[in-house]
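Okay, here's what each chain looks like letter by letter:
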Amino acid sequence: MRAIGLPLWVVSLSAVVSLTLNRRTLAAALSPSGMVWALLATAFWVMLPAYVPNNAAVLAGGGRPIDGGRSWGGRRILGDGKTWRGTLVGTLAGVGVALGLTAVSEPVSAAAGISLPAFPLTAAIGLALGAMAGDIGASFLKRRTGRERGAAFPGVDQLDFVVGALLLTALFAPAWALSTFTPGVIAAILILTPILHVGTNIIAYKLGLKNEPW
Ligand code: CTP
Ligand code: MG
């Protein structure tokens, strides 16, 4: 078992590594810290258009709720925390970030020594709208499980928008998603996102922008 297990492990690890890296990153990737840095930086870059919408929605929120105040089974369908204005402004902010990153992707890639992708419009919309949709889906689940507006739902709160963004991007820009979201990048996203999410929400709470620190 051990004799078979070790080579298998080595082969699958090198498959993940070679899938994850392209030629330009290879030199940096030869050192373990270089590889981790490249994966984390790529994860942050590709997810920025999905990170910004939720924060923009907090600033822009208010007005008509998406569910129009309607309830289902004695509870709000989504609640007053999901508004048309917040969703629209959040999505536009995410798309704007993607277009901005695309404009500077070449100089930033050169400076960082890693290949950071440009965002086609389909990917930009998939990431931004997907992040909003994931967050809305989480509110739907929260209301169905008896959680009031603003209640914490650990795990779901930190990753709902990641799942939404990845799914919608896979749908809107399949080829781009396949070449961008390699196993290594996905792993980096799953580690980085909860840390950034908790951090930015605590800052927003301290600044009085959010009612709860999650
Ligand atoms: N917001 C919005 N529209 C969205 C998402 C957020 O208007 N699609 C605004 C709302 O003002 C909301 C605030 O951003 O109150 C914070 O977002 P979030 O924490 O996601 O909502 P909660 O109010 O905590 O409600 P829920 O329990 O449903 O998540
Ligand atoms: Mg909340």
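For the structure itself, look to the data block above.
Bear in mind the structure is a predicted one, so any value in this text is a computation, not a measurement. (Residues numbered from 1 in each chain as written. Chains lettered and ligands numbered in written order. Predicted model: local features only at pLDDT ≥ 70, side-chain atom pairs only at ≥ 80, totals over all residues. Heavy atoms only, no water.)

Novice: With reference to specific residues and values, describe the packing of aromatic side chains.
Specialist: Under the criterion given, the structure shown has six aromatic pairs. Where Phe-119 meets Trp-176, the ring centres are 5.5 Å apart and the plane angle is 40°; that geometry is what we call tilted. Of this pair, Phe-119 sits in the loop between helix H4 (84–112) and helix H5 (121–144) while Trp-176 sits in helix H7 (residues 174–180), placing them 57 residues apart in sequence. There is no split in this pair, since Phe-119 and Trp-176 are both buried. Ring centres 5.9 Å apart and planes at 90° place the aromatic pair Trp-176 and Phe-181 in the edge-to-face group. Of the two residues examined, Trp-176 and Phe-181, each falls in the buried class. Over the ring of Phe-140 we find Arg-144, and its NZ or CZ is 4.9 Å from the ring centre. (Phe/Tyr/Trp six-rings, centres within 6.5 Å; stacked < 30°, edge-to-face > 60°. Helix = DSSP H or I, 4+ residues; strand = E, 2+ residues; numbered from the N terminus. Buried < 20%, exposed > 50% of the residue type's maximum accessible area, 1.4 Å probe, protein only. Lys NZ or Arg CZ within 6 Å of the ring centre and 35° of its normal.)

Novice: An account of a nonpolar patch on the surface is requested, with residue identities and associated values reported.
Specialist: There is a patch of nonpolar side chains on the surface, built from Leu-99, Leu-121, Ile-125, Leu-129, Leu-171 and Phe-172 and spanning about 530 Å² of accessible area. Among the elements of the structure, H5 and helix H6 (156–172) are those that each provide at least two residues to the nonpolar patch. Broken down by element, the nonpolar patch gets its largest block of residues, three residues, from H5. For Leu-171, the location among the structural elements is in helix H6. Residue Leu-171 is classed as exposed on the basis of its relative accessible area of 63%. (Patch = residues over 30% accessible without salt bridge, like charges linked within 9 Å, V, L, I, M, F, W, Y side chains within 5 Å. Areas by Shrake-Rupley, 256 points an atom, 1.4 Å probe, with all protein chains shown as cover. Salt bridge = Lys/Arg side-chain N within 4 Å of Asp/Glu carboxyl O.)

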